[in-house]
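Tertiary structure, described
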Amino acid sequence: MDMGPQEDRERLISTLIDEGDPTSEKVIQAFRETPREGFISENDASFAYADYPLEIGHGQTISAPHMVAIMTELLKLRPRDNVLEIGAGSGYQAAILSRLVNRVYSIEVEGELAVFAKNNLERAGIRNVRVIMGDGGKGHPAGAPYDKIIVSCATPEIFQSWKEQLAVGGILIAPVGGFYRQELILLKKTKKGFNQENHGECIFVPLRPG
Ligand code: SAH
């Protein structure tokens with residue numbers, strides 16, 4: 001039976017909840033309010049609510065829903081948070097974040113994808129995300145400090161610029177490692193320095209030099 005996007009979305013959310021991601025009511029609500037079909041190519045519309053990454057052009061992908069759920073939960077977002085994302089891609093992760101915080105800056109190095117993300121967010125009626133074209137490796141000093149930083153592409157290391165632009169008490173999450181696999185690293189900035197947690201293996205497309 002062919003079901004509408006609304007039913008498909010609810011079914012995916014139920015599956016994710018059964019598997020333990022996402023866990024908080026707020027994040028579940030953000031998934032409910034965000035139509036993933038509005039962030040992918042029309043040709044892939046029938047796969048919008050499958051739990052895997054999809055091509056969005058330029059060799060890039062929109063992350064699998066469970067990965068978006070895991071990263072969003074780990075950030076422990078609060079309504080007043082100011083958030084930086086590296087790698088806007090389709091804008092979907094930024095859209096989910098936007099439901100939970102005050103403001104999101106999302107940087108995208110690929111010009112056409114920056115436009116894609118901007119248009120997708122606009123069509124979804126989201127107004128508190130600023131998509132910026134540029135090299136996310138440098139962060140975005142103009143919007144700093146950030147309560148939360150999410151790196152949506154695989155990075156060989158956590159750059160100094162991100163550490164500097166993170167507020168004291170803030171959380172950064174990033175896939176850190178090589179081309180074929182990375183570890184999901186969570187960094188907490190305290191007055192005394194950084195605490196690091198490892199949240200397991202993941203696979204993201206690589207960060208490119210700007
Ligand atoms: N968060 C996205 C998925 C991102 S895929 C979504 O929800 O759809 C990773 C993205 O990071 C790609 O769009 C890629 O172009 C971008 N990227 C790669 N290197 C980058 C850099 N140095 N600065 C900013 N964005 C970068």
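Since we're looking at a predicted model, the values are computed, not measured.

Here's the deal with the sheet that holds strand β4 (residues 103-108)
- Read from one edge to the other, the open sheet built from 7 strands follows the order β5-β4-β3-β6-β7-β8-β9, with strand pairing classed as mixed. In this open sheet, the two strands that pair with only one neighbour each are β5 (129-133) and β9 (193-202). Strand-to-strand twist across the sheet, computed as the mean angle between neighbouring axes with direction ignored, equals 15 degrees.
- Pairing of strand β8 (residues 182-190) with β9, which is carried by 8 bridges, proceeds in the antiparallel orientation. Bridge assignment links Thr190 to a residue of β9, and that residue is Gly193.

Observations concerning the pairing of β8
- The pairing of strand β7 (residues 166-177) with β8 spans 7 bridges and is antiparallel. Within the sheet, the bridge partner assigned to Gly177 lies in β8 and is Gln182.
- Counted between consecutive antiparallel strands, the loop separating β7 from β8 contains 4 residues.
- Taking the residues that link successive antiparallel strands as the turn, the β8-β9 hairpin has 2 residues.

Section: the site of the ligand
- Within the structure, the ligand sits among 24 residues, and Ser90, Glu108, Asp135, Gly136 and Arg208 are positioned closest to it.
- Within the contact set of the ligand, a nitrogen atom lies 3.0 Å away from a side-chain nitrogen or oxygen of Glu85.
- Here an oxygen atom of the ligand and a side-chain polar atom of Ser90 are 2.6 Å apart.
- Out of a free accessible area of 580 Å², the ligand has 100% covered by protein chains.
- Mapped by element, the contributors of at least two residues to the shell around the ligand are β2 (60-62), α4 (92-98) and β4.
- Among the elements that line the shell around the ligand, the one with the most residues is β2, at 3 residues.

Description of the packing of aromatic side chains
- Within this structure, the stated rule accounts for 5 aromatic pairs.
- Plain terms: the ring middles of Phe39 and Tyr92 are 5.7 Å apart, the flat faces sit at 70 degrees to each other, and that makes the pair edge-to-face. You can see Phe39 sitting in the loop between α2 (25-32) and β1 (54-57) and its partner Tyr92 sitting in helix α4, a full 53 residues away along the chain. Across the pair, Tyr92 and Phe39 agree in class, each one buried.
- On the basis of an interplanar angle of 70 degrees and a centroid distance of 5.1 Å, the ring pair of Phe179 and Tyr180 is categorised as edge-to-face.
- Overall, Phe179 belongs to the exposed group, its relative accessible area being 54%.
- One aromatic cluster is present, formed by Phe31, Phe39 and Tyr92 through successive ring pairs.

Thresholds applied
Residues numbered from 1 in each chain as written. Predicted model: local features only at pLDDT ≥ 70, side-chain atom pairs only at ≥ 80, totals over all residues. Heavy atoms only, no water. Pairing = 2+ DSSP bridges. Helix = DSSP H or I, 4+ residues; strand = E, 2+ residues; numbered from the N terminus. Axes fitted to C-alpha atoms, helices over the stretch in contact; angles between N-to-C directions. Near = heavy atom within 4 Å. Polar contact = N/O pair within 3.5 Å; in protein donor to acceptor, adjacent residues only side chain to side chain. Areas by Shrake-Rupley, 256 points an atom, 1.4 Å probe, with all protein chains shown as cover. Phe/Tyr/Trp six-rings, centres within 6.5 Å; stacked < 30°, edge-to-face > 60°. Buried < 20%, exposed > 50% of the residue type's maximum accessible area, 1.4 Å probe, protein only.

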